[in-house]
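A look at the structure
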Amino acid sequence: MKSFFTVFSKEIISFMRSIPLVAVILYSFTADIYIAGAGMQIKPRNVVIGYVDNSGGGLSQKILSHFHQPEFVTPKPYLSQKALSRAIFNKEVLVGLIFNSDFEKKYKKHEDTQLDVLIDATAASQSLTTLAYLHNIILDFEKVDIPLKLQSHKLFNQNADNHSFMALTELLSMITLLSVILTAIVFVKEKEDGTWDLMLLMPVNPKIIILAKSASQVFIVTAGVVLALGFVILTTFNTPLNGSFWSFMLLTLLYGFSSAGIGLFVAAISKDVMQVAQLSIVIMMPLIFLSGAWTPIYAMSPVFQKLSLISPLRYYIEGSESIFYRGTAFVDLLPYFGGVTLLGVLLYWYGFRKIGRLF
Amino acid sequence: MRINIIKAYMLKEFKELVRTRLIVMVYLLPSMILILFGYGIRMDVSHARLIIIDNDQSKLSQTLSSKFEHTKYFDTVERHMSETQALREIKQAKKDAILIIPSSFEKNLLKGEKSELGIFIDAAFPTRGTTIETYIQGTILSMAKEVLAKKGVAQKGMITINSRSLFNQAMRDEDAIVPGLIGLVLLIAPAILAALLIVKEKEKGTIFNFYASPLSKNEFLAAKLLPAFLLHSLNIFILFLLSVYLFEVPFRGSFFLYWLASELYILVSLSLGMFISVITKRQIVAVVLTVIITLIPGFLYSGIIMPISSMDGASQIEAHLFPIMYYNHIIYDTFLIGEGFASQKNLLYLGILLLFTLVLFSVGKLLLKKEMK
């Protein structure tokens, strides 16, 4: 036990002494998460609308006046449909409205009136939202009184605040990335610096060395998580924490060991830091993308759905979202804990065996 | 420029790429990014899991439910359960939304009295939550409009919106995302490779061979960049085949323009990597710097997430400083629009890409030293 703590504290000290590394970790857990949370804006803003107005004014201008900041830039007039299409082709305009010459006349006579809309569907989400807006504006206009009240509740995130969500996703990806890379580097550094043989000569059981070295890195990552939560996630972005803080920390710790297992595996097969970087990219990218961070699992193709079952990140992300937003009871979190623990034990055991052969 | 010397040096570079297995990265990384991002990013919402709690059980409420059953947007189940039970399913992340139809729904609607429909949506994933909400509200409202029009309650002569989606009629996510990804991939992968080429020699100390040899700067750079250029040229075709056959993105424009723009773009990316390679000393620093410079701006300004035209002032200027915006404009044109050489904007952007190459290459060459500092 004593030798475990000696190796453990040696790693922590050598981490603290390497100032660039500390700086990178601090940056990753604070500024980087802040940038990701603050910068990503998927909601439509400043959508450029162009229009051709052959109807002579009144009604069409009334409809156009409903498009305003921050979602829309003031609609730009075009002289002909041809000029408008050209602007759309050149990506200067996203949505084009065409008011035909009989637009207003027909509307006033209560005949069926048509409004032509051209949409640049390469920016699908912005265009669709504009279309939904347009429908609402026109519904407003016709004053059709539908005797329905839609009582809509967005649970867990009333204002659909994207920033806190992006920040949390970034934190989870960071945890994954750093616990793999840090763990791998702790071992590979020894290989690169030539101190590997010194390590072999130490009168310490190799198993304890591996355990202490990887545990020290998981500890560093966990400390970073606390920092990120304290300074960025819970304070700057006001991410709700509806579940229990301790269940999140426990889940993080368990998950840290499963990524450390991957790190051990990477360390076993790479010779220098460069190879660690390459291998980590190749291993981590599929893991992150198939984890449900960007697309929910059930919307993926069936093959990927099956594959994602063996990714510990899948359980970690869904579990963390449930803890932060959904405030799920501990009993209902057990599947996530089970998944992370099971895969963690398997991965760690495998990495442990793999690197153990080098001792 | 002595061709034979360059040839010999190039051969050495090729062999080194093969022996250090870096060549695996050259071909693995681009295809992997394309496939993972292409499958992994979904902006639209499909198969949202919806529970309908129908307390009315009338003909009208069943019509409403059936509207939700036959679309790709929802996987609907109709259940008899209490609100709390349904909420628990959402908390367990088994369902995304609940729609509660009140008991006298049909009666009230036809009489013209207000009835209240309850909608609960899991907004833990905010953008999806909002989209699901819009879909549900839209479906209900359009049904109600239909029913009322039939009964003659609503007025005649409404404005119908006749929308035409240009370039991507089916609104497929693949069509909107995959071409943009090519721009991202061809920016990152060649840049990383080129960033390693010179810095690797610096770190290992073999750069002194170059310092001591009669090789000129031009010959050295040609020998370094040509293999990378040739290897990555093959990627242009691989990525094209993946997009068209795996993701089934239509290709409407000129292949020649696609090829030409891509080759130019690879040159931009290689020059950028070379520039980084010249100014850094350690491999790991070079890689990290390249990723920072290419990945994040590449993703932001690729037009995948957000069209450039709807960015605000500062980011719009920033977008113009990175090559990806110009290349992606041409790429989206060749895949989805098909204007080709007829569009002046394409020609202009092609010229800008050429300018990027020249500037980056000359600055890199200027900073490359042929002696120890």
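Residues numbered from 1 in each chain as written. Chains lettered and ligands numbered in written order. Predicted model: local features only at pLDDT ≥ 70, side-chain atom pairs only at ≥ 80, totals over all residues. Heavy atoms only, no water.

Right, let's get into the overall build of chain B. Counting its regular elements, chain B contains 14 helices and 5 strands. Taking all 373 residues of chain B together, 56% fall into the buried category. Long-range pairs, those at least 24 residues apart, make up 78% of the contacts in chain B with a sequence separation of at least 6. (Helix = DSSP H or I, 4+ residues; strand = E, 2+ residues; numbered from the N terminus. Buried < 20%, exposed > 50% of the residue type's maximum accessible area, 1.4 Å probe, protein only. Contact = heavy atoms within 4.5 Å.)

When helices and strands are counted, chain A shows 15 helices and 5 strands. At 28 Å, chain A has a C-alpha radius of gyration far larger than the 21 Å of a compact globule built from 359 residues. For chain A, buried positions account for 54% of its 359 residues. Intrachain contacts of chain A at a sequence separation of at least 6 include 77% that bridge at least 24 residues. (Rg over C-alpha atoms; globule rule 2.2 N^0.38 Å.)

Let us now look at the nonpolar core. Counting 106 residues, the largest nonpolar core has Phe37, Phe220, Tyr258, Tyr327 and Phe335 of chain B as its most contacted members. Of all the elements, helix α7 (residues 173-204) of chain B adds the most residues to this core, at 18 residues. Setting aside residues up to four positions removed in sequence, phenylalanine 37 of chain B forms contacts with Met285 and Phe289 of chain A together with Leu181, Leu184 and Phe299 of chain B. Counting residues in hydrophobic clusters, the runner-up holds 50 residues, among them Phe4, Tyr336 and Phe337 of chain A together with Ala93 of chain B. (Core = buried A, V, L, I, M, F, W, Y, C linked by side-chain atoms within 4.5 Å.)

Residue-level pLDDT values for chain B average 83, and 94% of them are 70 or greater. Per-element averaging of pLDDT across chain B places strand β5 (residues 159-166) of chain B at the bottom with 69 and helix α10 (residues 255-279) of chain B at the top with 93. (pLDDT = per-residue confidence, 0-100.)

What follows covers the interface of chain B and chain A. Listed as interface residues are 89 residues of chain B and, on the opposing side, 86 residues of chain A. Together chain B and chain A conceal approximately 8300 Å² of surface at their shared face, both sides included; 65% is due to carbon and sulfur atoms. Joining chain B to chain A, the criterion identifies 4 salt bridges. Here glutamate 92 of chain A ties to lysine 345 of chain B by a salt bridge, and the two come within 3.2 Å at their closest N and O atoms. Scanning the region where chain B abuts chain A turns up 7 residue pairs in polar contact (both at pLDDT 80 or more). Of the residues contributing to the side of chain B that touches chain A, the split by class is 49 nonpolar, 23 polar and 17 charged. (Buried area = accessible area lost by both parts, 1.4 Å probe. Salt bridge = Lys/Arg side-chain N within 4 Å of Asp/Glu carboxyl O. Polar contact = N/O pair within 3.5 Å; in protein donor to acceptor, adjacent residues only side chain to side chain. Nonpolar A, V, L, I, M, F, W, Y, C, P; charged D, E, K, R; others polar.)

The next point concerns the side chain of serine 65 of chain B. Residues and elements named next belong to chain B. Position of serine 65 among the secondary structure elements: in helix α3 (residues 59-69). On the basis of relative accessible area, serine 65 is assigned to the buried category, the value being 1%. Ignoring any residue separated from it by four or fewer positions in sequence, one finds serine 65 in contact with Ile52, Asp54, Glu78 and Ile101.

Let's shift gears to the packing of helix α12 (residues 273-289) of chain A against helix α2 (residues 22-40) of chain B. Contact geometry of α12 of chain A with α2 of chain B gives a least axis separation of 10 Å together with a crossing angle of 15 degrees. Between α12 of chain A and α2 of chain B, the crossing angle belongs to the class labelled roughly parallel. Crossing handedness for the pair α12 of chain A and α2 of chain B: left-handed. Side by side, α12 of chain A and α2 of chain B meet where Gln278, Ile281, Val282, Met285, Pro286 and Phe289 of chain A of the first sit next to Leu22, Met25, Leu28, Leu29, Met32, Ile33, Leu36, Phe37 and Gly40 of chain B of the second. (Axes fitted to C-alpha atoms, helices over the stretch in contact; angles between N-to-C directions. Parallel < 35°, antiparallel > 145°, perpendicular 65-115°, else oblique. Left-handed = near helix turned anticlockwise from the far one by under 90°.)

Within the secondary structure, threonine 129 of chain A sits in helix α7 (residues 124-142). A C-alpha to C-alpha distance of 9.9 Å links threonine 129 of chain A and valine 47 of chain A, two positions 82 residues apart in sequence.

Glancing now at the domain arrangement of chain A. The domain boundaries assigned to chain A delineate domain 1 (2-40 + 157-356) and domain 2 (49-142). Measuring from the centre of the C-alpha atoms in domain 1 of chain A to the corresponding centre in domain 2 of chain A gives 49 Å. (Domains from an automatic or database assignment.)

This brings us to a nonpolar patch on the surface. All names here are of chain B. A contiguous nonpolar patch, built from Leu234, Phe237, Phe255, Phe256, Trp259, Phe341 and Leu347 and spanning about 610 Å² of accessible area, is present on the exposed surface. Elements with a contribution of two residues or more to the nonpolar patch: α9 (217-246) and α10. Among the elements that make up the nonpolar patch, the one with the highest residue count is α10 (3 residues). Tracing the chain through its elements places tryptophan 259 in helix α10. (Patch = residues over 30% accessible without salt bridge, like charges linked within 9 Å, V, L, I, M, F, W, Y side chains within 5 Å. Areas by Shrake-Rupley, 256 points an atom, 1.4 Å probe, with all protein chains shown as cover.)

So, about the environment of aspartate 32 of chain A. Residue and element names in this part refer to chain A. Looking at the secondary structure, you find aspartate 32 in helix α3 (residues 31-39). Residue class for aspartate 32 comes out buried when judged on its relative accessible area of 13%. On a C-alpha basis, the gap between aspartate 32 and leucine 171 in space is 8.9 Å, while along the polypeptide they are 139 residues apart. Apart from the residues lying within four places of it in its own chain, the contact partners of aspartate 32 are Tyr27, Glu170 and Met174.

All right, on to the packing of aromatic side chains then. Considering all chains together, one arrives at 35 aromatic pairs over all chains under this definition. Here the aromatic rings of phenylalanine 330 of chain A and phenylalanine 337 of chain A are separated by 5.3 Å at their centres, their planes lie at 45 degrees, and the arrangement is tilted. On the basis of an interplanar angle of 45 degrees and a centroid distance of 4.6 Å, the ring pair of tyrosine 73 of chain B and tyrosine 135 of chain B is categorised as tilted. Here tyrosine 73 of chain B, found in the loop between α3 and β2 (74-78), pairs with tyrosine 135 of chain B, found in helix α6 (residues 126-151); they are 62 residues apart in sequence, far enough to count as distant. Site record: aromatic cluster; members linked through ring pairs are Phe237, Phe240, Phe251, Phe255, Tyr258 and Phe335 of chain B. (Phe/Tyr/Trp six-rings, centres within 6.5 Å; stacked < 30°, edge-to-face > 60°.)

Looking now at helix α11 (residues 283-300) of chain B. Compared with an ideal rise of 1.5 Å per residue, which puts 18 residues at 26 Å, α11 of chain B spans 26 Å between its outermost C-alpha atoms and is within 8% of the ideal. Within α11 of chain B the residues assigned to the buried category are Gln283, Ala286, Val287, Thr290, Thr294, Pro297, Gly298 and Phe299 of chain B. (Expected span 1.5 Å × (residues − 1).)

Counted by the stated rule, this structure contains 19 salt bridges over all chains. For lysine 10 of chain A, the salt bridge is made with glutamate 190 of chain A, and the minimal N-O distance between the two is 3.3 Å. Note that lysine 10 of chain A is positioned in helix α1 (residues 2-17) and glutamate 190 of chain A in helix α8 (residues 162-193), a separation of 180 residues in sequence. A salt bridge links glutamate 192 of chain A to lysine 189 of chain A; the nearest nitrogen and oxygen atoms lie 3.9 Å apart. Here lysine 189 of chain A and glutamate 192 of chain A lie together in helix α8, a separation of 3 residues that amounts to about one turn. A residue is classified by how much of its surface remains accessible, and glutamate 192 of chain A, at 33% relative accessible area, is partly exposed. Assessed through its relative accessible area of 33%, lysine 189 of chain A is described here as partly exposed. A single network of salt bridges, built from pairs that share partners, joins Lys12, Glu13, Glu16, Lys200, Glu201 and Lys224 of chain B.

Turning to the packing of α8 of chain A against α12 of chain A, a few remarks are in order. Residues and elements named next belong to chain A. Relative orientation of the contacting elements α8 and α12 amounts to 155 degrees, with a least axis distance of 10 Å. Judged on the interaxial angle alone, α12 and α8 are roughly antiparallel. Handedness of the α8/α12 crossing: right-handed. Contacts between α8 and α12 involve Ser173, Thr176, Leu177, Val180, Ile181, Ala184, Ile185, Val188 and Glu192 from the first element and Val273, Val276, Ser280, Met284 and Ile288 from the second. Looking at the contact of α8 with α12, its residues break down into 10 nonpolar, 3 polar and 1 charged.

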